[in-house]
Amino acid sequence: MAAHALLVDLGRCIGCQACVVACKAGNELQEGEANIRIREVVRGKFPNLSGSFVHHRCFHCADAGCVSVCPTGALSKLDGLTAVDAAKCSGCGYCVDACPYGVPKMVDGRVSKCTACLDVVATGGVPYCVQTCPSEAIKFGSREAMLGLAAQRVAEIRGQFPNAQIYGETQLGGLGTLMVLPDDPETLGLPAAPQVPALVNAWQKGIQPLTQGFTALGLITTGLAFLFARRNHRLETAARREAEAVAEKEARDGDVH
Amino acid sequence: MATSTERRVLRYLPEQRLVHWLGVASVLTLLVTGLALLWGPLSFLAWGGVSTLLHRGAALLFVALPVAYFVLNRTKGQELLKEIVTYNREDWEWLKGFPAYFLGRTTHLPKQGRLNAGQKLHHLGTFLAFIAVTVSGLLLWFAKGQLGGAGLAATAAVHDVAMLAVTILIIGHVYFTFVYGALPSMTTGYVSEEYARLEHARWLEEVGADSPASDAAGAPQSVTGD
Ligand code: HEM
Ligand code: SF4
Ligand code: SF4
Ligand code: SF4
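What you see is a predicted model, and the numbers here were worked out from it, not measured in a lab.

Participant: Residue-level account of the site of ligand 2, with values.
Facilitator: Close contacts around ligand 2 come from 14 residues, with A:C58, A:C61, A:C66, A:T82 and A:C99 the closest. Split by residue class, the shell around ligand 2 holds ten nonpolar, three polar and one charged.

Structural data, given as structure tokens:
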């Protein structure tokens, strides 16, 4: 399947929290768990204030730090989205530190973040948050179509918001959650160029497999060597005992004379 | 096989054996629950946070053990620390003969003291890895969520590599224990005189000459019959 994406249009969001509630109900989230958090950001100086509702939610990065560190495969990339298989999660919490956006949370010892409603998508539906938004601020479809739609929307609102732009076209290899922003990312509290530290990849792709490889190698080497070593030791011991016995006997015979 | 009249030599006091086996229990628990964090097939252990809890419990025991060793018997603790950093020419000769020792041969090796050069290096390595595991582990415990991506990767990499070192050391340690039949020294506290002569001849001479038949640790004891 081609890459999918969510499109969140901050020019349209009215901050009603309907998506937050729909996500919670649809995905049967626990008390205190939330895959979307909405923050109101007020810009400008009185009386020229303008407010925006900024969504804090998984950006489904193509180059996802959380997937890089996840040791169990609980997090993985699927069709441009970052899938979650909570049953595989070991609760290590590495993804919490590795996400440049601080998205994943630990709830009850397991990871909690937006799953892109992949179970719903698999049966031909769209995510709960998309279904429910009364002002059509959240869309879901092929990433290409979403980018087209986003460009169209940016053009529409440019008159009102001269700094309007698409967020997520290139960040972290291209985000699977695109946003239409009315202003610069930084003024809205979003990093313009988020980064996954190089060390994160080195650790996951180098050190973790190395650890498993060396352990296996150690076990195999000693396992094989054991067969030879035991035999050698037994032979040596037998030879030494025989020599000692002979020496002892000679000594005893000597005593008699 | 030790004959029924074989003399035995006291090697480890009860408190040393206790600390050792508690160490084994804690390290094996740490390994399994640690692997559960890294290896998908074991991640079911994370259910309800069980493996994480066990990992932390075992970590507390792990960190407390060296302290316990010194509290229970300071002389032995100091002796161990001193021995693992003291190497002489015989140790060097022994290490050169290591490949054949690995395959079960000993006749070519110089006489060894209480610890042979391989044991000294093993115990020293264990001690260094212990420090690295402890420091990085405490950071992962108390600073997770504040380390950031790079900090987390660096800390976890140190933790992983140190635990890898511990694992390799354990594999080698258990290997030699069973190749040379060394297990009784840590279970009963005694080794046969034959074993002592073979593996630690200089030690046998020293403790034999020092204080025959005394009760002090390391002194030879005549124990007839089993
Ligand atoms: C099932 C696993 C293990 C077995 C069967 C085993 C067996 C033994 C034996 C027989 C000795 C005495 C050797 C001698 O005569 O000097 C010994 C000593 C020692 N072992 Fe282990 N061991 C095991 C696991 C471990 C682990 C996990 C560690 C630490 C990571 C460890 C660290 C040590 C140390 C430091 C000593 C020296 C103690 C001293 O001199 O006071 N062992 N072990
Ligand atoms: S935003 Fe964070 S949790 Fe979502 S895919 Fe990117 S790194 Fe993973
Ligand atoms: S907490 Fe779960 S999802 Fe996050 S990295 Fe660890 S195993 Fe993966
Ligand atoms: S895509 Fe699904 S899981 Fe993600 S925020 Fe929307 S409703 Fe919640």
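Participant: Pulling in residues and values, what's your account of the coordination of the iron atom of ligand 1?
Facilitator: Residue and element names in this part refer to chain B. Taken together, the protein donors to the iron atom of ligand 1 comprise H20 (NE2) and H173 (NE2), at separations of 2.0 Å. Using a relative accessible area of 24% as the deciding quantity, one classes H20 as partly exposed. Taking relative accessible area as the criterion, H173 reaches 29% and is therefore assigned partly exposed.

Participant: Now, about the interface of chain A and chain B: what can you tell me, with residues and values included?
Facilitator: Listed as interface residues are 38 residues of chain A and, on the opposing side, 42 residues of chain B. The contact between chain A and chain B buries some 3500 Å² in all, and 61% of this surface belongs to carbon and sulfur atoms. Summed over the shared surface of chain A and chain B, the result is three salt bridges. Where chain A meets chain B, there are eight residue pairs in polar contact (both at pLDDT 80 or more). When residues of the side of chain A that touches chain B are traced back to their parent elements, those giving at least two are α3 (94-98) and α7 (198-256) of chain A. Per element, the largest residue contribution to the side of chain A that touches chain B is 24 residues, and it comes from α7(A). Residue composition of the side of chain A that touches chain B, by class: 17 nonpolar, 13 polar and eight charged.

Participant: I'd like to hear about the site of ligand 4, residue by residue, with values.
Facilitator: Neighbouring ligand 4 are the residues A:C23, A:N27, A:N35, A:I36, A:R57, A:C114, A:T115, A:A116, A:C117, A:P127, A:Y128 and A:C129. Partitioning the shell around ligand 4 into residue classes produces eight nonpolar, three polar and one charged.

Participant: Tell me about the pattern of salt bridges, and name the residues and values.
Facilitator: Side chains bearing opposite charge may pair, as long as their charged atoms lie close to each other. With the rule as written, the count across this model stands at 17 salt bridges over all chains. Notably, a salt bridge pairs B:E194 with A:R240, separated by 3.2 Å at the nearest N-O pair. Taken together, the positions of B:E194 in helix α9 (residues 193-199) and A:R240 in helix α7 put the pair across two chains. For B:E194, a relative accessible area of 11% translates into the label buried. Between A:R241 and B:E194 there is a salt bridge, and its shortest N-O distance comes to 2.7 Å.

Participant: Lay out the packing of helix α1 (residues 14-38) of chain B against helix α7 (residues 148-179) of chain B in plain terms, naming residues and giving numbers.
Facilitator: Residue and element names in this part refer to chain B. Orientation of α1 relative to α7, taken along the N-to-C sense of each, is 130 degrees, at an axis distance of 12 Å. Classified by the interaxial angle, the pair formed by α1 and α7 is oblique. Judged by the sense of rotation from one axis to the other, the crossing of α1 with α7 is left-handed. Contact residues: α1 offers H20, V27, L30, L31 and L38, while α7 offers D160, M163, V166, T167, I170 and H173. Split into classes, the residues belonging to the contact of α1 with α7 amount to seven nonpolar, three polar and one charged.

Calculation notes
Residues numbered from 1 in each chain as written. Chains lettered and ligands numbered in written order. Predicted model: local features only at pLDDT ≥ 70, side-chain atom pairs only at ≥ 80, totals over all residues. Heavy atoms only, no water. Near = heavy atom within 4 Å. Nonpolar A, V, L, I, M, F, W, Y, C, P; charged D, E, K, R; others polar. Donors = N, O, S within 2.8 Å, 3.2 Å for Na, K, Ca; no water. Buried < 20%, exposed > 50% of the residue type's maximum accessible area, 1.4 Å probe, protein only. Contact = heavy atoms within 4.5 Å. Buried area = accessible area lost by both parts, 1.4 Å probe. Salt bridge = Lys/Arg side-chain N within 4 Å of Asp/Glu carboxyl O. Polar contact = N/O pair within 3.5 Å; in protein donor to acceptor, adjacent residues only side chain to side chain. Helix = DSSP H or I, 4+ residues; strand = E, 2+ residues; numbered from the N terminus. Axes fitted to C-alpha atoms, helices over the stretch in contact; angles between N-to-C directions. Parallel < 35°, antiparallel > 145°, perpendicular 65-115°, else oblique. Left-handed = near helix turned anticlockwise from the far one by under 90°.

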